[in-house]
Amino acid sequence: AIGWSQGDAAVRKIELNVYDQAGFWKGVEIRPFFVEPREDQIFFETGSHTIARTETGKLNETYAWIRKGVEAAKNQAGVALGMRLYVGGYTDTVGAAEANRNLSMKRAKSIARYFRDQGLKIDIFYQGFGEDALAVSTPDNTASEKNRRTVYVLSSQVPPVSRIFPRAKWSRLP
C-alpha cells in the first residue's frame, strides 16, 4: 500500500515507477478526474420507464453539463481521459422492493440511451437502486417525487460506491 498526506492542492497526476533489483522498472500514470454528482428530478409515469417529452429539457441541461465536464477533464489533464458516465436510477417506496429495483434499472437505462442517442461518445454505465437509497426517508407505499430521481456521476475513476450508490454492479450501455 502506498499513501501520502493530501494537502490543499488538487491532485492532477500521480506517477508511480517501481524498480526491481536489476534496475528494470514498470511505470504507471494516473490522472484522476471526478465531477460532483448531479441530481435531476426526471418524472416518469407510474410503472413506466418511457421518458416523457416534458422531461427532455432537464435531460438536455444534464447533457450540456456532461459535455462541459468531459471538456474540462480534457483541458485539465491535457490528454483524453477514459471518462465514464454513471447513471443511477431510484424510485419511491410504492410497490414491491424488487419491482422498484427493476423499474429503476429500466429508467436509468432509458436515460443512458437518451444521452447516447444525443451523441455522447464516452462509456455510459447505469444501475437501478430502486428504494434502496432514498433521498427522503418514507414509510412503505409512500409516493414521493424527491425519491423518484436520477443521479449522474462523471469520472475517470473506478465505478462509484457510496451512500447514494450502495452497489458497484454497473451495467455498460453498448
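Rules and cut-offs
- Residues numbered from 1 in each chain as written.
- Predicted model: local features only at pLDDT ≥ 70, side-chain atom pairs only at ≥ 80, totals over all residues.
- Heavy atoms only, no water.
- Patch = residues over 30% accessible without salt bridge, like charges linked within 9 Å, V, L, I, M, F, W, Y side chains within 5 Å.
- Areas by Shrake-Rupley, 256 points an atom, 1.4 Å probe, with all protein chains shown as cover.
- Salt bridge = Lys/Arg side-chain N within 4 Å of Asp/Glu carboxyl O.
- Helix = DSSP H or I, 4+ residues; strand = E, 2+ residues; numbered from the N terminus.
- Phe/Tyr/Trp six-rings, centres within 6.5 Å; stacked < 30°, edge-to-face > 60°.
- Buried < 20%, exposed > 50% of the residue type's maximum accessible area, 1.4 Å probe, protein only.
- Lys NZ or Arg CZ within 6 Å of the ring centre and 35° of its normal.
- 1 Å grid on protein atoms, 1.4 Å probe; cavity = no way out; pocket = protein on both sides within 12 Å on 5 of 7 lines; lining within 4 Å.
- Points joined across faces, edges and corners; volume = space filled by probe spheres on them.

> Go over a nonpolar patch on the surface with me, naming the residues and quoting the values.
A contiguous nonpolar surface patch, about 350 Å² in accessible area, is contributed by Ile2, Leu16, Val18 and Val28. For isoleucine 2, the position within the fold is in the segment before strand E1 (14-19).

> Which residues make up the packing of aromatic side chains, and what are the values?
Applying the stated criterion to the full structure yields 10 aromatic pairs. Pairing tyrosine 86 with phenylalanine 125 gives two aromatic rings, centres 5.3 Å apart and planes at 20°, and the pair type is stacked. Of this pair, tyrosine 86 sits in strand E4 (residues 84-89) while phenylalanine 125 sits in strand E5 (residues 123-128), and the two are 39 residues apart along the sequence. Across this residue pair, the class does not change: tyrosine 86 and phenylalanine 125 are buried. Each ring, one from phenylalanine 115 and one from tyrosine 152, has its centre 5.6 Å from the other, and the planes form 70°; the classification is edge-to-face. Separated by 37 residues along the polypeptide, phenylalanine 115 in helix H2 (residues 97-117) and tyrosine 152 in strand E6 (residues 150-155) bring together distant segments of the chain. One aromatic cluster is present, formed by Tyr86, Tyr90, Phe125, Phe129, Phe165 and Trp170 through successive ring pairs. For arginine 149, the ring lying beneath its charged end belongs to tyrosine 90, and the centroid distance is 3.9 Å.

> Which residues make up the layout of surface pockets, and what are the values?
What the largest pocket holds in volume is close to 210 Å³. Around the largest pocket, the lining comprises 14 residues; the ones closest to its centre are Thr46, Gly47, Asp92, Val94 and Arg148.

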